[in-house]
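# Commentary on secondary and tertiary structure
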Amino acid sequence: MHPAPSVIFFSTFSGLGFGLLIFLGFGMPAVTGFSAFAFFVIAYLLAVGGLISSTFHLGHPERALKAFSQWKTSWLSREAWCAVAALTLMALYGAGLVFFDQRWAILGWLGALASLGTVLTTSMIYAQLKTVPRWYSVYTPANFISLCLAGGALLSGEVGIAAFLLVIAGGIQIATWLRGDTALANSGTDMASATQLGGIGTVRAFEPPHTGTNYLLREFVYVVGRKHAQKLRIIAILLAVVLPVILLILPFNHWFALVAVLFHVAGVLTARWLFFAEAEHVVGLYYGKR
């Protein structure tokens, strides 16, 4: 798939923002007043900024509001409703902490669950697609949720929890890559199955459908070299997991914590670029790209 910057930015930063909201909803850290205000500003800038950036990839961003009407069948619509619920509940919860020095626990818990639901529905937009075997797996939501929780713990300053969740997220990320490398082959999808002509002989394309490019090639057929991908995977794991964990196990230092966050964000951005760049849409079979 074409790794569009808008969806990479969206899926990375909204996940971090909602991850932080999850921990704030459960009282981690237990802050009030100006400290709570600072944490909520960071969380909302990340979550809302990520959501807004996702509309840049739409052909008609002005029609984004129509997504709310399809909640019965569309994971995108469910994501929109979950996001609104999460942001509304957490705004009320945050107001209690900031202005009244009160922790309305039920609102925090509900907001945290809605935030988790937002990340889950985001991941299901991709995990439901049978046409992209690499994504069509339980590993996709596990990957999104584990990175969301690890990033949220890191931003909330929960050092011990963050180190543990980072290791878990790293393991899930590696498992996701390994499973994804064989997903297209194991799906049994090829030109013969697509055309239902395999019963009369070997199916191959006589010639390309056309000599120029088109929308399908631009959006759904992107090929990244295996050696290049392997290097990026190593970089992603080092930045997103290994280096932050090393910094977290050292004696606590605010500068170390900040650098750990920056490393993690850079690593997740790299991993998310690969998430899209390595995804083999089956339409590529017709163009001899798989």
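Everything here concerns the structure above.
In what follows, the accompanying structure is described. Counting starts from 1 at the beginning of each chain's written sequence and moves along it residue by residue. Per-residue local features of the predicted model are confined to residues with pLDDT of at least 70, and side-chain atom pairs are confined, for both listing and counting, to 80 or more; whole-chain, interface and lining totals are unaffected and use all residues. Side-chain numbers come from the whole structure's heavy atoms, not from hydrogens or water.

## Concerning the pattern of salt bridges
Salt-bridge detection follows one rule: a side-chain nitrogen of Lys or Arg within 4 Å of a carboxyl oxygen of Asp or Glu. If you walk through the whole model with that rule in mind, you get 4 salt bridges. A salt bridge links Glu 280 to Arg 134; its shortest N-O distance comes to 3.1 Å. Within this pair, whereas Glu 280 is found in the segment after α11 (254–277), its partner Arg 134 is found in the loop between α4 (105–127) and α5 (139–156), the two being separated by 146 residues in sequence. Of the residues examined, Glu 280 reaches a relative accessible area of 13% and is grouped as buried. The shortest N-O distance in the salt bridge between Glu 278 and Arg 233 comes to 2.9 Å. Residue Glu 278 is located in the segment after α11, and its partner Arg 233 is located in helix α10 (residues 226–249); the two are separated by 45 residues in the primary sequence. Across the pair, Arg 233 and Glu 278 agree in class, each one buried. A single salt-bridge network, built from bridges that share partners, covers Arg 134, Asp 181, Arg 233, Glu 278 and Glu 280. Counting from the N terminus, the helices are DSSP H or I runs at least four residues long and the strands are E runs at least two residues long. Burial classification: accessible surface area is computed with a 1.4 Å probe over protein chains only, and a residue below 20% of its type maximum counts as buried, one above 50% as exposed, and the rest as partly exposed.

## Some points on the environment of Gly 225
Structurally, the position occupied by Gly 225 is in the loop between α9 (215–220) and α10. Placed 204 residues apart in sequence, Gly 225 and Leu 21 show a C-alpha to C-alpha distance of 37 Å.

## Topic: unusual backbone geometry
Here Met 28 and Pro 29 are connected by a cis peptide whose omega angle stands at 0°. With respect to the helices, strands and loops of the structure, Pro 29 is situated in the loop between α1 (5–25) and α2 (33–54). In this structure, Asp 101 takes a positive phi of about 55° despite not being glycine. With respect to the helices, strands and loops of the structure, Asp 101 is situated in the loop between α3 (75–99) and α4. Judged by relative accessible area, which is 52%, Asp 101 ranks as exposed.

## Examining α3
Expected helix span is computed as 1.5 Å times (number of residues minus one). Between the first and last C-alpha of α3 there are 35 Å, a value that for 25 residues agrees with the 36 Å anticipated at 1.5 Å per step. Those residues of α3 not exposed but buried are Ser 77, Glu 79, Ala 80, Ala 83, Ala 86, Leu 87, Met 90, Tyr 93, Gly 94, Gly 96 and Leu 97. Contact partners of the buried residues in α3: α1, α2 and α4. Throughout this description, a polar contact denotes any pair of N or O atoms lying within 3.5 Å of each other; where both atoms belong to protein, one of them has to be capable of donating a hydrogen while the other can accept it, and for residues adjacent in sequence the pair is counted only when both atoms sit in side chains. Between the side-chain oxygen of the N-cap and the backbone nitrogen of Leu 76 there are 3.2 Å, and the N-cap of α3 in question is Ser 74. Positive backbone phi, approximately 55°, marks Asp 101, located one or two places after α3. Pairs of residues are marked as contacts when any of their non-hydrogen atoms sit within 4.5 Å.

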